Amino acid sequence: MAVVGASRRPGAIGRQVVANLVESGFQGPVYPVNSKSDVVLSMPTYPTVSKIPGPVDLAVLCVPAPEVVKVARECGKKGVKGLVVITAGFKEIGGEGERREAELREVARHYGMRIVGPNCMGVINTEPDVCLDASFAATRTPAGAVAMVSQSGALGEAILADASAAGLGVSMFASVGNRADVTAADLIEYWADIDSVRIVLLYVESLGDPAKFVEVARRVGRTKPILAVKSGRSAAGAAAAGSHTGSVAGADVAADTLFQQCGVLRVESFREMFALAAALLHQRLPQGPRIAVVTNAGGPGILATDALDGAGLEVPELTPRTKAALVRALPVEASVRNPVDLIASADAERYRRALRLVVRDPNVDALIVLFVSPIMIDAEAVAAAIVEEAATDKPLLVCLMGRQRGREAQELLRRSGVPVFRYPEDAARTMRSLCRRARMLERESKPLPRLRVDRDAAAAVLDRAAPGWLAVEDAEAVLAAYGVPFAPSRRVTTPGDAVGASHELGFPVVLKAEARSLVHKSELHAVVNGLRNGDEVYRAAEDLRRRLARRFRGLRLLVQKRAPGHREILIGMTRDPRYGPLFAVGLGGTHVEVLRDVAFRIAPLDGGDPAEMFAQLKGAPLLGRFRGDPPADVALACEIVLRLQRLVLDFPLIEEVEINPFILAEPGGESLAVDARLRLQG
Ligand code: ADP
Ligand code: MG
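A. Representation of the domain arrangement of the chain within the structure. One can read the domain layout of the chain as domain 1 (284-442), domain 2 (488-561) and domain 3 (567-680). Using only C-alpha atoms to locate each centre, domain 1 and domain 3 end up separated by 40 Å.

Shown next, in the form of structure tokens:
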């Protein structure tokens, strides 16, 4: 190891790095490089890298920014394999810094060196045969099963400290800074084969190469859970507010969706990340979403129940058998329904008896145990009882609320691998993540169905279309070529022709005013629904022309057959500049922005994704059999999503598409699109 820019000055990074290397007990030689002083931390220095007598595997660079490239070149000549560039003043400052970073990358490529950084905090590897702390972190990191990547150096330091405080040991840590070369994806791939790494924690602001990240995370995440705190907002939503899909997608949806799809568990905070990491390391995954709550106080029990409900989990009835046994085991004041309330007098013995029964209930997949420590109860004994009963294949999380005496109890639980929380909401969130991971591992990818599409017909329309929003009939033609069924329609200009067209189509019809600049038609009362005869069509057409013809040049009348279906959905796509096609499905029609009930996925979708998207909607029950209404043809809707995917993958110039509404009839009925928009890049 060489440390270039090793320093004598107290507080200097170049001094801290040398100190850390020595203190961590690094197993190889450390060569401080400093052209001005002969000794750093009692170690003789070398004036340049080339003067180092032995071979060097890794060089940590803490020299001023203008010298980095020169030093990197020297390292290259010396045969150094990797650089950790701690120095800042690169891409993050723009201009000159950006050029400097490009040069650094070029030098590294030329000599076949890998770079971590620049602008980073360094790397740590606690493997016993390595013991490398090549960072300027002020805290020593205990060894353990966690590997971490942080995009921010400053946060990296804080994360390391908090991880130790949360009882998590670290196997490897890298602060990747500007990611001139090594990215989170590279590290995850590397960690896949490192036995000591059992779980990966990420702090990322943006993903350098999303496609690679998805591929790696999907593969590695199956054996090693990957948790992420992601900050920073994507620009997708802002760029694309021209459609409902764009405006509903909002800022951060693409990244969120991406993580979800590749099985990365996204958490809101570091606190949540560490708690979840502990749970994943020490607890099994739940077989299902049914959670029992065992408590010694009513209020927290209700809080936990609400939080679980809010997290989409269930708080099921216990079996009559469990309840009967609980009645026998507990005082009469206790409640034997879930949440099971052991009341304030509950001691270790009562917890033990109750837990033993509840854990074995076949209606229960996992437990949250609450304990609000009353003065007269020995909290540590209760903790010990919980630890004993937690040793089953059902996950168990504990929430300790209340006074000081809980501290030993907390330590005991932690040491025994039982995750401890302060608030029921936190426990519920972690439980949800455990369930998500269990579902993710169960999921098998479904192949895409064979779809017949007419690519040439779509290309013919798209080739002659101008950039921007297409004329409505062109958008329709493109989608129709890819198998999206549209309600039959005619475009006319006069009320007389509208009547003629409606007779051809058959009543009832819908009349719409159409013009390029007329975007949300119903806002201007430009959609007249349910016209039953020629007279009504004539009057409506006259009215539309009178109101709108002057305002919208080239106004036309669209006579459209009324779609007979009973459920309106939206199917759309916006292309995220970083992550690619982002698909949306939702309960559609003109209320989309109000309901905001939309589910997203990023391409590539497999055959199973669309159904999962629809199932994810809050309004999903409306698509089934509901209050006497027949179910809607969701299978067809799913097929349309996949057809849309095929279209936008075939034509990368399509930036945005939206079918809204697609009016679903019952299965086998006449489900039809009645309105669509499509935007080409330009
Ligand atoms: P816009 O979105 O520009 O306001 P749409 O063409 O989507 O106009 O029509 C608005 C609403 O009118 C739809 O959500 C739907 O409820 C109804 N509608 C439009 N066309 C039809 C049709 N052909 N059959 C049945 N309902 C329709
Ligand atoms: Mg519409």
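The rest of the description comes next.
B. Summary view of helix H15 (residues 406-415). Those residues of H15 that sit buried are Gly-406, Ala-409, Leu-412 and Leu-413. Looking straight down H15, one finds its buried side chains confined to an arc of 125°; they lie on one side. Along H15, exposed side chains directed more than 90 degrees from the buried face belong to Arg-407 and Arg-415. Buried residues along H15 sit in contact with helix H14 (379-390), strand S18 (396-402) and strand S19 (420-421). Remark: Gly-417 follows H15 within two positions and exhibits a positive phi of approximately 80°.

C. A look at the sheet that holds strand S15 (residues 291-295). One open sheet holds the five strands; their spatial order is S16-S15-S17-S18-S19, and the pairing between them is parallel. Bordering the open sheet on either side are strand S16 (340-341) and S19, each of which pairs with just one other strand. With two bridges connecting them, S18 and S19 associate as parallel partners. Along S19, the bridge assignment pairs Val-398 with Val-420. In the packing of H15 onto the sheet, contacts are made with S18 and S19, and the angle to S18 comes to roughly 165°.

D. Highlighting the coordination of the magnesium ion (ligand 2). Distances from the magnesium ion (ligand 2) to its protein donors, Asn-660 (O) and Asp-675 (OD), fall within 2.2 to 2.3 Å. Of this pair, Asn-660 sits in strand S28 (residues 654-664) while Asp-675 sits in the loop between strand S29 (672-673) and strand S30 (676-680), and the two are 15 residues apart along the sequence. Given the relative accessible area of 6%, Asn-660 is considered buried. Of the residues examined, Asp-675 reaches a relative accessible area of 18% and is grouped as buried.

E. Region of the structure containing the site of ligand 1. Taken together, 20 residues lie around ligand 1, and Lys-512, Lys-521, Ser-522, Ala-563 and Glu-568 are the ones closest in. Contact distances for ligand 1 include 3.0 Å between a nitrogen atom and a side-chain N or O atom of Gln-560. Contact with the protein chains covers 91% of the free accessible surface of ligand 1, which is 550 Å². Looking at the shell around ligand 1, the elements that each hand over two or more residues are strand S22 (509-514), strand S23 (527-531), strand S24 (556-561) and S28. In terms of residue count, S28 provides more of the shell around ligand 1 than any other element does, three residues in total. Taken together, the residues of the shell around ligand 1 sort by class into seven nonpolar, seven polar and six charged. Counting only domains with at least three residues in the shell around ligand 1, you end up with domain 2 (488-561) and domain 3 (567-680).

F. A look at the side chain of Asp-365. In this structure, Asp-365 sits in the loop between helix H13 (348-359) and strand S17 (366-373). Here Asp-365 falls in the buried class, since its relative accessible area comes to 9%. Setting aside chain neighbours within four positions, we find Asp-365 in contact with Pro-286, Gln-287, Gly-288, Pro-289, Arg-290, Lys-394 and Pro-395.

G. A look at the pattern of salt bridges. If you walk through the whole model with that rule in mind, you get 43 salt bridges. Notably, a salt bridge pairs Arg-556 with Glu-473, separated by 3.0 Å at the nearest N-O pair. With Arg-556 in strand S24 and Glu-473 in helix H18 (residues 472-481), this pair connects stretches of sequence that are 83 residues apart. For Arg-643, the salt bridge is made with Glu-639, and the minimal N-O distance between the two is 2.7 Å. Here Arg-643 and its partner Glu-639 are both found in helix H24 (residues 634-650), four residues apart, which amounts to about one turn of the helix. The exposure class assigned to Glu-639 is partly exposed, which follows from its relative accessible area of 29%. When salt bridges with common partners are traced through the structure, they connect Arg-114, Asp-181, Asp-186, Glu-189, Lys-212, Glu-215 and Arg-219 into a single cluster.

H. Quick peek at the packing of aromatic side chains. Going through the model one piece at a time under the given rule, you end up with six aromatic pairs. Taking the centre distance of 5.8 Å and the plane angle of 75° together, the rings of Phe-213 and Phe-259 count as edge-to-face. Taken together, the positions of Phe-213 in helix H6 (residues 210-221) and Phe-259 in helix H9 (residues 253-261) put the pair 46 residues apart, joining distant regions of the chain. Note on accessibility: Phe-213 and Phe-259 belong to one class, buried. Ring centres of Tyr-351 and Phe-371 lie 5.8 Å apart, and the angle between their planes is 70°; on these two criteria the pair is classed as edge-to-face. With Tyr-351 in helix H13 and Phe-371 in strand S17, the pair connects residues that are 20 residues apart, well separated along the chain. Given a relative accessible area of 0%, Tyr-351 falls into the buried group. On the accessibility criterion, Phe-371 (1% relative accessible area) is buried. Three or more aromatic residues joined by ring pairs form one cluster here, namely Tyr-203, Phe-270 and Phe-274. One residue, Arg-455, lies across the ring of Phe-651, its end atom 5.6 Å from the ring centre. Over the ring of Trp-469 we find Arg-677; its NZ or CZ atom is 3.8 Å from the centre of that ring.

What counts as what
- Residues numbered from 1 in each chain as written.
- Chains lettered and ligands numbered in written order.
- Predicted model: local features only at pLDDT ≥ 70, side-chain atom pairs only at ≥ 80, totals over all residues.
- Heavy atoms only, no water.
- Domains from an automatic or database assignment.
- Buried < 20%, exposed > 50% of the residue type's maximum accessible area, 1.4 Å probe, protein only.
- Helix = DSSP H or I, 4+ residues; strand = E, 2+ residues; numbered from the N terminus.
- Arc of directions from axis to C-beta.
- Contact = heavy atoms within 4.5 Å.
- Pairing = 2+ DSSP bridges.
- Axes fitted to C-alpha atoms, helices over the stretch in contact; angles between N-to-C directions.
- Donors = N, O, S within 2.8 Å, 3.2 Å for Na, K, Ca; no water.
- Near = heavy atom within 4 Å.
- Polar contact = N/O pair within 3.5 Å; in protein donor to acceptor, adjacent residues only side chain to side chain.
- Areas by Shrake-Rupley, 256 points an atom, 1.4 Å probe, with all protein chains shown as cover.
- Nonpolar A, V, L, I, M, F, W, Y, C, P; charged D, E, K, R; others polar.
- Salt bridge = Lys/Arg side-chain N within 4 Å of Asp/Glu carboxyl O.
- Phe/Tyr/Trp six-rings, centres within 6.5 Å; stacked < 30°, edge-to-face > 60°.
- Lys NZ or Arg CZ within 6 Å of the ring centre and 35° of its normal.

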